[in-house]
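The primary structure of each chain is shown beneath.
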Amino acid sequence: MYNGLFMVEKCCKAILGLGYRILSARQVKDYVGRFQPHPLSLEKIDLPVDTIQAVDIMAASAHEVWCLDLATKGFKWGPFVKDRDEHRTHPALMPFDKADDKYKRIQTRRVLELVRFVHHFGYKCLVTRGVS
């Protein structure tokens, strides 16, 4: 029993040391009810041209990985239905270049935000091969 409590104490200290808060279930419910998102402001981060060009390729690749994951779970292309897991269909399960422009913009924006986030913290996404 002592070992278990010791590990719990160490884990809690590590969590607090990383800047997280430990809340009771009631505190979490209250906190979630008052949640106001405050994302990092990343729009003004300038990225190199080759990185921006690579974002489209990264978005397409991420989509292909997602499609492969769904396909291995037995999903096929099909209309949106309320219980997707039972019908195993998804309307975006298609090649990225065949998806509608709105979907592609959303996916590309997600990747762009991730790349900007990486740059914000001092890392760089370097393109080591030609972008086609």
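Residues numbered from 1 in each chain as written. Predicted model: local features only at pLDDT ≥ 70, side-chain atom pairs only at ≥ 80, totals over all residues. Heavy atoms only, no water.

Undergrad: Mind laying out helix H3 (residues 49-72), listing which residues take part and the relevant values?
TA: Between its first and last C-alpha atoms H3 spans 35 Å; for 24 residues at 1.5 Å apiece the expected length is 34 Å, and the two agree. Taken together, the buried positions of H3 are Thr 51, Ala 54, Val 55, Ala 59, His 63, Cys 67 and Leu 70. Packed against the buried residues of H3 are strand E2 (89-90) and helix H5 (101-120). Remark: Gly 74 follows H3 within two positions and exhibits a positive phi of approximately 90 degrees. (Helix = DSSP H or I, 4+ residues; strand = E, 2+ residues; numbered from the N terminus. Expected span 1.5 Å × (residues − 1). Buried < 20%, exposed > 50% of the residue type's maximum accessible area, 1.4 Å probe, protein only. Contact = heavy atoms within 4.5 Å.)

Undergrad: Give a detailed account of the environment of Lys 76, specifying residues and quantitative values.
TA: Topologically, Lys 76 is positioned in strand E1 (residues 76-77). Taking the C-alpha atoms as reference points, Lys 76 and Thr 89, separated by 13 residues in sequence, lie 4.9 Å from one another. In this structure Lys 76 touches Arg 88, Thr 89, His 90 and Leu 93, once residues within four positions along its chain are discounted.

Undergrad: I'd love a proper account of the pattern of salt bridges, names of residues and values included.
TA: Pairing between side chains becomes possible if they bear opposite charge and their charged atoms approach one another. Counted by the stated rule, this structure contains 3 salt bridges. Here Asp 69 ties to Lys 73 by a salt bridge, and the two come within 3.2 Å at their closest N and O atoms. A salt bridge links Lys 104 to Asp 101; the shortest N-O distance between them is 3.9 Å. Here Lys 104 pairs with Asp 101, and both are found in helix H5, just 3 residues apart, close to one helical turn. (Salt bridge = Lys/Arg side-chain N within 4 Å of Asp/Glu carboxyl O.)

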